[in-house]
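Okay, here's what each chain looks like letter by letter:
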Amino acid sequence: MTKPYVKQEIKNEVGYIEFFHPAHNSLPGDVLAELAQTITDAGTNDAIKVIVLKSGGDRTFCAGASFEELININDAATGKVFFSGFANVINAMRKCPKFIIGRVQGKTVGGGVGLAAATDYCMATKFAAIKLSELNIGIGPFVVGPAIERKMGLSAMSQIAIDANTFYSPEFAKQKGLYTHVFDTTEELDEAVKQTAEHLCTYNTEAMLEMKKVFWQGTDHWDTLLAERAATSGRLVLSDFTKEKLKTYK
């Protein structure tokens with residue numbers, strides 16, 4: 001079995017950041033921490049003008065938080081730290097001075113939808129359905145909610161958060177503004193991501209930085225907001241309801 005990893009490759013001034021976990025790219029705390037740091041470092045690396053965020057494997061972009069870690073949370077402080085993992089990655093993406101292009105090759109769930117929403121320009125395949133399943137286990141998409149709401153609007157975010165059993169189609173995600181394009185194959189997606197990223201590298205980096213500031217205007221309080229949301233999830237995950245639900249996943 002392939003081990004989890006975060007790796008970065010620079011090609012033609014594009015920084016490709018890839019994460020992977022054998023459990024459908026569900027992300028434990030250590031991988032999330034490494035991902036946040038890699039994004040932050042890429043933001044200050046002069047060899048990189050544009051960043052692409054992608055995951056390994058074929059049909060799943062990211063299955064969200066690691067259930068294995070979730071099941072082992074026994075106190076609110078540990079819970080807050082666990083849920084801060086995705087918060088830290090989203091905040092790293094928000095503060096990164098460079099455009100981040102998302103490459104979503106397959107299904108994405110929970111925190112994975114948050115990662116897609118925190119990119120500045122996100123492309124996907126026809127296999128890239130989305131689901132917010134958190135309510136199923138007695139919590140909610142509290143940490144990723146602000147990023148998803150910012151991209152898709154409160155109405156769409158509420159719909160998929162309440163309808164926690166349903167995978168919504170990539171066409172729905174495109175219609176609501178999460179994806180810019182939906183391609184038939186991963187090959188077409190990769191070609192489009194490469195062309196878009198390399199074309200952006202020909203633009204004025206200062207102009208892109210100023211545009212990024214505009215896109216994320218009004219989110220300066222997210223360090224505090226997402227920490228508060230992580231604490232909410234950390235508290236709820238200790239409920240009897242959630243503990244019982246999680247037993248069924250063991």
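All of these numbers come straight from a predicted model, not from anything done at the bench.

Calculation rules
Residues numbered from 1 in each chain as written. Predicted model: local features only at pLDDT ≥ 70, side-chain atom pairs only at ≥ 80, totals over all residues. Heavy atoms only, no water. Helix = DSSP H or I, 4+ residues; strand = E, 2+ residues; numbered from the N terminus. Expected span 1.5 Å × (residues − 1). Bend = angle between axes of the 7 residues up to and from the residue. Polar contact = N/O pair within 3.5 Å; in protein donor to acceptor, adjacent residues only side chain to side chain. Core = buried A, V, L, I, M, F, W, Y, C linked by side-chain atoms within 4.5 Å. Buried < 20%, exposed > 50% of the residue type's maximum accessible area, 1.4 Å probe, protein only. Contact = heavy atoms within 4.5 Å. Salt bridge = Lys/Arg side-chain N within 4 Å of Asp/Glu carboxyl O. 1 Å grid on protein atoms, 1.4 Å probe; cavity = no way out; pocket = protein on both sides within 12 Å on 5 of 7 lines; lining within 4 Å. Points joined across faces, edges and corners; volume = space filled by probe spheres on them. Nonpolar A, V, L, I, M, F, W, Y, C, P; charged D, E, K, R; others polar.

A few words now on helix α3 (residues 76-95). At 3.6 residues per turn, the α-helix brings residues three or four places apart onto the same side. Taking 1.5 Å of rise per residue, 20 residues should cover 28 Å, and α3 covers 27 Å from first to last C-alpha, within 8% of that figure. Along its length, α3 reaches its greatest deviation from straightness, about 35 degrees, at Ser-84. The distance from a side-chain oxygen at the start of α3 to the backbone nitrogen of Ala-77 is 3.2 Å, and the residue carrying that oxygen is Asp-75.

A few words now on the nonpolar core. Leu-35 and Leu-115 are the most contacted members of the largest nonpolar core, which totals 62 residues. When neighbours within four sequence positions are excluded, Leu-35 is seen to be in contact with Val-6, Ile-17, Phe-19, Leu-27, Leu-53, Val-89 and Leu-115.

The next point concerns the pattern of salt bridges. Scanning all chains against the criterion turns up eleven salt bridges. In this structure, Arg-94 and Asp-223 form a salt bridge, with 3.2 Å as the shortest nitrogen-oxygen distance. With Arg-94 in helix α3 and Asp-223 in helix α10 (residues 222-236), this pair connects stretches of sequence that are 129 residues apart. For Arg-94, a relative accessible area of 9% gives the class buried. According to the relative accessible area criterion, Asp-223 is partly exposed, its value standing at 38%. Across the pair Arg-103 and Asp-190 runs a salt bridge, and its minimum N-O distance is 2.5 Å. Of this pair, Arg-103 sits in strand β5 (residues 100-104) while Asp-190 sits in helix α8 (residues 186-200); the two residues are 87 residues apart in sequence, bridging distant segments of the chain. Shared partners join several salt bridges into a network, and the residues in it are Arg-94, Lys-95 and Asp-223.

Our next topic: the layout of surface pockets. Quantified by volume, the largest pocket comes out at close to 790 Å³. Lining the largest pocket are 40 residues, with Ala-63, Gly-64, Ala-65, Ser-66 and Phe-67 sitting closest to its centre. The element best represented in the lining of the largest pocket is helix α2 (residues 67-71), accounting for four residues. Its residues assigned to classes, the lining of the largest pocket comprises 21 nonpolar, 14 polar and five charged.

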